[in-house]
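# Overview (structure and organization)
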Amino acid sequence: MREHFELRRGDALGRIGALTVPRAGRTVETPALLPVINPNIRTVSPARLEAEFGADALITNAYIIRKTEDLRERALDQGLHDMLDFSGAVFTDSGSFQLAEYGEIDVTTREILEFQRAIGSDVATPVDVPTPPDAARETTETDLTTTEEALADAEAVDTGEMLVNAPIQGSTHLDLREDAARHADATALDVFPVGAVVPLMNDYRYADVVDVVAAAKRGLGADAPVHLFGAGHPMMFALAVAMGCDIFDSAAYAIYARDDRYLTVRGTNHLDDIAYFPCECPICAAHDPEEVRAADDDERERLVAEHNLHVSYGELRRVKNAIREGTLLELVETRARGHPAMVDGYRALLNHAERIERHDPASKGAFFYCSAESARRPEVRRHHDRIGRLDAPERLLLTEGNDPTGDRFDATWRLLPPFGPVPRALSETYPFTAELPERTGAAAREAAARGVAALVDANPTTDVTVAHDGWPAAARSLLPDSVTVEPLGARPDRDGR
């Protein structure tokens, strides 16, 4: 049991937690965003991040500080917190990014961890090997051996109260990611970053990101705080949190600002293409696009960076609120509509509905059916898995209408797409109080038919009649042969089929 990480609320695989950072004397609420601070370039000062944006943690690069003489001397003399003018938790990277970019670095795990401790880092990182996506399996296995040695070296270093990351690598080989996570979980280290996913995100391979994270989560215990290295775009925060990620770091707010790129929860816009700011943050409320474009380079970069931070922190607050309300998957689905690659990511997330269902709260506010993907949500799967526990009578009518039971049946249950059979006694309980569109479509009806099949499989002696409202042939074909199928009157199909 990791005493430094407490889980407080959850929805899907997302959770609100508390990461105790002993050396900083802070408890950082998760999901948490760590703005990346380049020790040489500060578009927004750490003091302003703390005072104006509410940042209680950030991340900087210990390798760059160590390599730069004046920064090294200042950090050793003053300590990171005074050097950066920041009182929150300071995470530090080890140079692994530079290793991935340039092929080598001149520091060992022991040396960089001892340096991170000496300069006052609160959460440190060993020198792991970030293996890029689609690398050969042999290369990935060799890199993982090196990373495992780095984790062993990290355990052997006296780090005092400083927490230490145990990065999880493995490229896009999902079994290797799972094995790497299991190995990291067995160490005495503290936080578990999933690494080398930035190239996937840069190529909009969000479905692959989901599968990589899911593989890592399978190898980790439920109490392991997970850091998704390099995930700094607000459009994917909801999806990443629903996967079970707790910590993000963002260099995007500053890097994008240098190129006049304006972040939104639906994607990225170039400042030149914006006629009206679609945002209510202080920057957008006080300026129009023409004013920002007319500013000098430094001022324009600062204004865009601050907007990017506002939208990022705002989205993180929105995600936390959705966890508390039990509407995280609705938020994920809303965000997925912003980009086709995000739809792929959402669909990949629902491929893991079985695992999500084991952690998803059984009771929430309301289930919103928003698209065909909603038919694959964990709540639907849970109902189908548990439907066999229901005590079905000898003669049962499942109906989408309000037909009375009459003498032909012992009981009438609701036929509720996408769930399927719902006893009247459960009709007012979650998720059967679902908000459904008038036209639910084929996916919901096919899911309901699978629910009927699950009920029949668990109650083979029950005589089941289904009274449907214009179901298409694809949905009716999923009903068992033993089921009597009757349309509700002669009403035309509301979906045009």
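Remember, predicted model here, so these are calculated numbers, not experimental data. Counting restarts for each chain, with residues numbered from 1 along the sequence as it is written. For this predicted model, a pLDDT threshold of at least 70 governs which residues receive local features, and a threshold of 80 or more governs which side-chain atom pairs are given and counted, while totals over whole chains, interfaces and linings are taken from all residues. Hydrogens and water are ignored here; the side-chain numbers use all heavy atoms of the structure.

### Focus on the packing of aromatic side chains
Here a Phe, Tyr or Trp ring, Trp counted by its six-membered ring, pairs with any other such ring whose centre lies within 6.5 Å, and the pair is stacked when the planes are under 30 degrees apart, edge-to-face when over 60, and tilted otherwise. Considering all chains together, one arrives at six aromatic pairs under this definition. Taken together, a centroid distance of 5.2 Å and an interplanar angle of 65° make the contact between Phe367 and Phe419 edge-to-face. Placement of Phe367 in the loop between helix 18 (353-359) and helix 19 (378-386) and of Phe419 in the loop between strand 15 (411-416) and strand 16 (420-422) is noted, with a sequence separation of 52 residues between them. The two residues Phe367 and Phe419 agree in class, both being buried. Taken together, Phe367, Phe419 and Phe432 form an aromatic cluster joined through their ring pairs. The rule for a charge over a ring is simple: NZ of Lys or CZ of Arg within 6 Å of the ring centre, and within 35 degrees of the ring normal. In this structure, Arg261 packs its charged tip against the face of Tyr256, placed 3.9 Å from the ring centre. Directly above the ring of Phe367 sits Arg377, whose terminal nitrogen or CZ lies 4.2 Å from the centroid. Numbered from the N terminus, helices here are DSSP runs of H or I no shorter than four residues, and strands are runs of E no shorter than two. The cut-offs for exposure are 20% and 50% of the maximum accessible area for each residue type, with area from a 1.4 Å probe on protein chains only; residues under the lower value are buried, those over the upper are exposed, and the others partly exposed.

### Details of the sheet that holds strand 18 (residues 484-487)
Strand pairing follows a simple DSSP-based rule, namely that at least 2 bridges must link the two strands. Read from one edge of the open sheet, five strands run 16-15-14-17-18, paired in mixed fashion. Of all the strands in the sheet, the pair left with one neighbour each is strand 16 and strand 18. Strand-to-strand twist in this sheet, taken as the mean axis angle between neighbours without regard to direction, amounts to 30°. Summarising the sheet, strand 14 (residues 395-399) and strand 17 (residues 463-468) pair through five bridges and their orientation is parallel. In the strand pairing of strand 17, Leu397 is matched with Thr465. Convention adopted: a line fitted to C-alpha atoms gives each axis, helices being fitted over their contacting stretch, and angles between N-to-C directions are expressed from 0 to 180 degrees.

### Focus: helix 10 (residues 206-219)
The end-to-end C-alpha separation of helix 10 is 20 Å, in line with the 20 Å expected for 14 residues at 1.5 Å each. Burial analysis of helix 10 places ten of its 14 residues in the buried class, the great majority of the element. Residues of helix 10 that are buried include every one of Tyr206, Val209, Val210, Val212, Val213, Ala214, Ala215, Ala216, Lys217 and Gly219, and no others. What a helix is expected to span follows from its residue count: subtract one and scale by 1.5 Å.

### Brief notes about the environment of Asp153
Structurally, Asp153 is set in helix 7 (residues 137-156). Spatially, the C-alpha atoms of Asp153 and Pro126 are 8.3 Å apart, while their sequence positions differ by 27 residues.

### Observations regarding the UniProt feature "binding site: Zn(2+)" (unreviewed entry) in the protein
UniProt positions are given in the numbering used here, feature names are shortened, and annotations may be inferred rather than shown by experiment. Under the local residue numbering, the UniProt record ascribes the feature "binding site: Zn(2+)" (unreviewed entry) to Cys279, Cys281 and Cys284. Relative to the elements of secondary structure, Cys279 occurs in the loop between strand 13 (267-270) and helix 13 (282-286). Inspection of the secondary structure puts Cys284 in helix 13. In this analysis, two residues are considered to be in contact whenever any of their non-hydrogen atoms come within 4.5 Å of each other. When neighbours within four sequence positions are excluded, Cys284 is seen to be in contact with Tyr262, Phe277, Cys279 and His307.

### Quick word on the packing of helix 16 (residues 328-336) against helix 17 (residues 340-350)
Helix 17 packs onto helix 16 with a crossing angle of 150° between their chain directions and a minimal axis gap of 8 Å. On the basis of the axis angle, helix 16 is roughly antiparallel to helix 17. Between helix 16 and helix 17, the residues in contact are Leu329, Val332, Glu333, Arg335 and Ala336 and Met342, Val343, Tyr346 and Leu349, respectively. Tallied by class, residues from the contact of helix 16 with helix 17 come to seven nonpolar, no polar and two charged. Under this scheme an angle from 65 to 115 degrees is roughly perpendicular, one under 35 degrees roughly parallel, and one over 145 degrees roughly antiparallel; angles in between are oblique. Ten residue types, Ala, Val, Leu, Ile, Met, Phe, Trp, Tyr, Cys and Pro, are classed as nonpolar, four, Asp, Glu, Lys and Arg, as charged, and the remainder, Gly among them, as polar.

### Here we look at the nonpolar core
The term nonpolar core refers to a set of buried residues drawn from Ala, Val, Leu, Ile, Met, Phe, Trp, Tyr and Cys, joined through side-chain atoms within 4.5 Å. Counting residues in hydrophobic clusters, the biggest one holds 102 residues, and the most contacted among them are Leu228, Met236, Met243, Phe248, Leu328 and Leu349. With nine residues, the top contributor of residues to this core is helix 15 (residues 297-325). Of all hydrophobic cores here, the second largest spans 19 residues; its members include Leu390, Leu398, Ala411 and Val466.

### A closer look at the confidence of the model for the protein
Known as pLDDT, the predictor's confidence for each residue is given on a scale from 0 to 100. Averaged over every residue, the pLDDT of the protein is 93; residues scoring 70 or more account for 96%. In this model, residues 490-497 is a region of pLDDT below 50 whose contacts with residues beyond four sequence positions or in other chains number 16 contacts.

### As for the sheet that holds strand 1 (residues 5-11)
On the basis of which strands lie adjacent, the open sheet formed by three strands has the order 1-2-3 and antiparallel pairing. A single partner strand is all that each edge strand has here, and the edge strands are strand 1 and strand 3 (26-30). Adjacent strand axes in the sheet meet at a mean angle of 15°, parallel and antiparallel pairs treated alike.

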